[in-house]
Amino acid sequence: MAQKQNSSAGPSQRQQRVAELVRHALAEVLQRGDIQDPVLGSHVVTVPEVRMSPDLKLATAYIMPLGGQDEAPVIAALDRHKKILRQEVARRVNLKYAPELRFRRDETFDEAARIDQLLRSEKVQRDLESAPREDDEAEPDSPSRD
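All values reported here derive from a predicted model rather than from experimental measurement. (Residues numbered from 1 in each chain as written. Predicted model: local features only at pLDDT ≥ 70, side-chain atom pairs only at ≥ 80, totals over all residues. Heavy atoms only, no water.)

Novice: What is the right way to read the overall build of the protein from this model?
Specialist: Along the protein, the regular secondary structure elements total 6 helices and 3 strands. Listed N to C, the secondary structure of the protein is α-α-β-β-α-α-β-α-α in terms of helices and strands. Long-range contacts, defined as pairs at least 24 residues apart, comprise 64% of the intrachain contacts of the protein with a sequence gap of at least 6. Here the protein has roughly 11,200 Å² of accessible surface; of this, 49% comes from carbon and sulfur atoms. (Helix = DSSP H or I, 4+ residues; strand = E, 2+ residues; numbered from the N terminus. Contact = heavy atoms within 4.5 Å. Areas by Shrake-Rupley, 256 points an atom, 1.4 Å probe, with all protein chains shown as cover.)

Structure representation (structure tokens):
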């Protein structure tokens, strides 16, 4: 009997391994310039993450052009060449089925910038300055080293 996978458990080890293989294959194709497209030719595109569906038939690639500019045209160019990219991934990664590719904008850089901005905010800085430091608070029962 087939086991049900807990949806909150996250991706399986196999999903992660296949996703990493697909990510490397996509990065290699984009790096080598195998796709003849003026938009892709004028941008360096990074593929920081790929997520696979549980059945390994759908790969969602999160991409980011270097510098974070012209994201929409780059994603549109990748969508136009989806069939060629799928063939290249199938050639490089030995799977029973070549996964269908979806391209999404990678938002982890925006999230990191937002967290950095929060940490540098005036309120957080004020809290850090007013908080007592751990090494300043000596325990009263501990002997001093004089």
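Novice: Can you help me understand the confidence of the model for the protein in this one?
Specialist: For residues with low pLDDT, the predicted coordinates do not support detailed interpretation. Residues of the protein with pLDDT of at least 70 account for 85%, and the chain-wide mean is 83. Between the elements of the protein, mean pLDDT differs from a low of 80, seen in helix α6 (residues 122-130), to a high of 93, seen in strand β3 (residues 100-105). (pLDDT = per-residue confidence, 0-100.)

Novice: Help me understand the environment of Ala76, please; the structure alone is not making it clear to me.
Specialist: On the secondary structure map, Ala76 appears in helix α3 (residues 71-80). In sequence terms Ala76 and Leu40 are 36 residues apart; their C-alpha atoms lie 10.0 Å from each other.

Novice: Hey, could you run me through the environment of Leu58 in this one?
Specialist: With respect to the helices and strands, Leu58 occurs in strand β2 (residues 58-65). Exposure remark for Leu58: the relative accessible area of 21% places this residue in the partly exposed category. As a C-alpha pair, Leu58 and Arg102 span 44 residues in sequence and 7.6 Å in three-dimensional space. Those residues in contact with Leu58 that sit more than four places away from it in its chain are Arg51, Met52, Ser53, Pro99, Glu100 and Arg102. (Buried < 20%, exposed > 50% of the residue type's maximum accessible area, 1.4 Å probe, protein only.)

Novice: What should I look at first to understand the pattern of salt bridges in this one?
Specialist: When the charged atoms of two side chains with opposite charge come close together, those side chains can pair. For the structure on display, the rule yields 13 salt bridges. The shortest N-O distance in the salt bridge between Glu88 and Arg91 comes to 2.9 Å. A residue pair is termed a helical-turn pair when its members lie 3 or 4 positions apart in one helix, as Glu88 and Arg91 do in helix α4 (residues 82-92) at 3 residues. Each of Glu28, Arg32, Asp34, Glu88, Arg91 and Arg92 takes part in a single network of salt bridges with overlapping partners. (Salt bridge = Lys/Arg side-chain N within 4 Å of Asp/Glu carboxyl O.)

Novice: I'm lost on the sheet that holds strand β1 (residues 45-52) in this one. Help?
Specialist: Strand pairing in a sheet takes place through backbone hydrogen bonds and is either antiparallel or parallel in direction. Strand order in the open sheet formed by 3 strands is β1-β2-β3, with mixed pairing between adjacent strands. The outermost strands of the open sheet, each flanked by one partner alone, are β1 and β3. Strand-to-strand twist in this sheet, taken as the mean axis angle between neighbours without regard to direction, amounts to 30°. Sheet topology places β2 next to β3; 6 bridges connect them, and they run parallel. Bridge pairing in β3 places Ala59 opposite Leu101. Strands in contact with helix α1 (residues 13-32) are β1, β2 and β3; relative to β1, the strand with the most contacts, it is inclined by about 155°. (Pairing = 2+ DSSP bridges. Axes fitted to C-alpha atoms, helices over the stretch in contact; angles between N-to-C directions.)

Novice: Please explain the nonpolar core as it appears in this structure.
Specialist: Generally speaking, nonpolar side chains in soluble globular proteins are found buried as a group. Judged by nonpolar contacts, the single largest core of 26 residues is most densely connected at Val22, Leu26, Val50, Ile63 and Phe103. Among the secondary structure elements, those contributing two or more residues to this core are α1, β1, β2, α3, α4 and β3. At 7 residues, α1 tops the list of elements feeding residues into this core. Aside from chain neighbours lying at most four places away, what touches Phe103 is Leu26, Ala61, Ile63, Ile75, Leu78, Asp79, Lys82 and Leu85. (Core = buried A, V, L, I, M, F, W, Y, C linked by side-chain atoms within 4.5 Å.)

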